[in-house]
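# What the coordinates show
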Amino acid sequence: MEQSALFDWNFALEILPQLLEGLWVTIQATFFGFIISMAIGLFFALARRSENLLISAPIGAIVEFIKSTPLLVQLFIFFYILPRYGFRVPAFQLGVFAIGLHFSTYTSEVYRAGINAVPRGQWEAARALNFTAFQKWTRIILPQALPPMIPALGNYLIAMFKETAQLSAITVVELMLSARIIGTSEFRFVEPITLAGILYFAVSYPSSLFIQQLENRFGRAN
């Protein structure tokens, strides 16, 4: 085996701080992207439930289009095409919004499944009590619909964490791009790529165990 292919622990420790900086960017992108996906996903879910076809049909088409096209294509559209029309946003914010929008199509399905699982009697009770729409959703429907959604939403959070590696395509220096930059500049890829994989695992695996606990408690949202 060539010397350049050996794992150098001293070099690994030397580059670890730079990789941790990339990991921090990855975590931030995941956190803010997930908040966006939760908010837009709820909007999509409620809009698709509308009896007005002028609302539900276009939203449904948008959701299916976003869900059926690769995240990487969407990132390129936001980063390379929109600036030509005067829409200029820093790469990190742009990437966070793009990944949040992409995953909102999946969280919207989780919302819809949870809302549809609320027994019909609860809807009728809200109507019988003459609740306003806001009261119905905040006091009756969502409190019952949200707990079964938690495991599925948690799984999408973990998936988003791993998908943030695609943000490197639009120059966001997250964990994966940090590893590639080190590998290119030092002509050593074994240590940075290996450490990047370990760091992804160190965050993803404990999170998946936590999600399993949530699944045991709340059940799967199907």
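Residues numbered from 1 in each chain as written. Predicted model: local features only at pLDDT ≥ 70, side-chain atom pairs only at ≥ 80, totals over all residues. Heavy atoms only, no water.

### Some words on the nonpolar core
Of all hydrophobic cores here, the largest spans 38 residues; its most connected members are Ile-115, Ile-141 and Met-149. Secondary structure elements with two or more residues in this core: helix H1 (9-48), helix H2 (53-68), helix H3 (71-81), helix H4 (91-116), helix H5 (120-128) and helix H6 (133-163). In contact with Ile-141, not counting residues within four places along its chain, are Ile-115, Val-118, Trp-123 and Lys-136. Counting 13 residues, the second largest nonpolar core, distinct from the first, contains Phe-11, Leu-175, Leu-195 and Leu-199. (Core = buried A, V, L, I, M, F, W, Y, C linked by side-chain atoms within 4.5 Å. Buried < 20%, exposed > 50% of the residue type's maximum accessible area, 1.4 Å probe, protein only. Helix = DSSP H or I, 4+ residues; strand = E, 2+ residues; numbered from the N terminus. Contact = heavy atoms within 4.5 Å.)

### What about the packing of aromatic side chains?
Scanning the entire structure with this criterion turns up eleven aromatic pairs. Consider the rings of Phe-7 and Trp-9, whose centres lie 4.7 Å apart with planes at 65°: the pair is edge-to-face. Residue Trp-9 is classed as exposed on the basis of its relative accessible area, which comes to 62%. Note on Phe-201 and Tyr-205: the rings are 5.2 Å apart at their centroids and 10° apart in plane angle, and the pair reads as stacked. Pair noted here: Phe-201 and Tyr-205 are both in helix H8 (residues 190-218), with a separation of four residues, about one helical turn. Residue classification places Phe-201 among the exposed residues on the basis of a relative accessible area of 53%. Through a chain of ring-to-ring contacts, the aromatic side chains of Phe-76, Phe-79 and Tyr-80 assemble into a single cluster. Its guanidinium or amino end placed over the ring of Phe-131, Arg-139 lies 5.9 Å from that ring's centre, counting from NZ or CZ. (Phe/Tyr/Trp six-rings, centres within 6.5 Å; stacked < 30°, edge-to-face > 60°. Lys NZ or Arg CZ within 6 Å of the ring centre and 35° of its normal.)

### Structural notes on the packing of H1 against helix H7 (residues 175-186)
Viewed as axis vectors pointing N to C, H1 and H7 meet at an angle of 145°, and their least axial separation amounts to 7 Å. The interaxial crossing formed by H1 with H7 has right-handed handedness. Between H1 and H7, the residues in contact are Phe-11, Ile-15, Gln-18, Leu-19, Gly-22, Leu-23 and Thr-26 and Leu-175, Ser-178, Ala-179, Ile-181, Ile-182 and Glu-186, respectively. Its residues assigned to classes, the contact of H1 with H7 comprises eight nonpolar, four polar and one charged. (Axes fitted to C-alpha atoms, helices over the stretch in contact; angles between N-to-C directions. Left-handed = near helix turned anticlockwise from the far one by under 90°. Nonpolar A, V, L, I, M, F, W, Y, C, P; charged D, E, K, R; others polar.)

### As for unusual backbone geometry
Within the chain, Asn-130 stands out as a residue other than glycine whose phi angle is a positive 60°. As for its position among the elements, Asn-130 is in the loop between H5 and H6. We classify Asn-130 as exposed; its relative accessible area is 66%. Even without glycine at this site, Thr-171 takes up a positive phi of about 75°. We classify Thr-171 as partly exposed; its relative accessible area is 48%.

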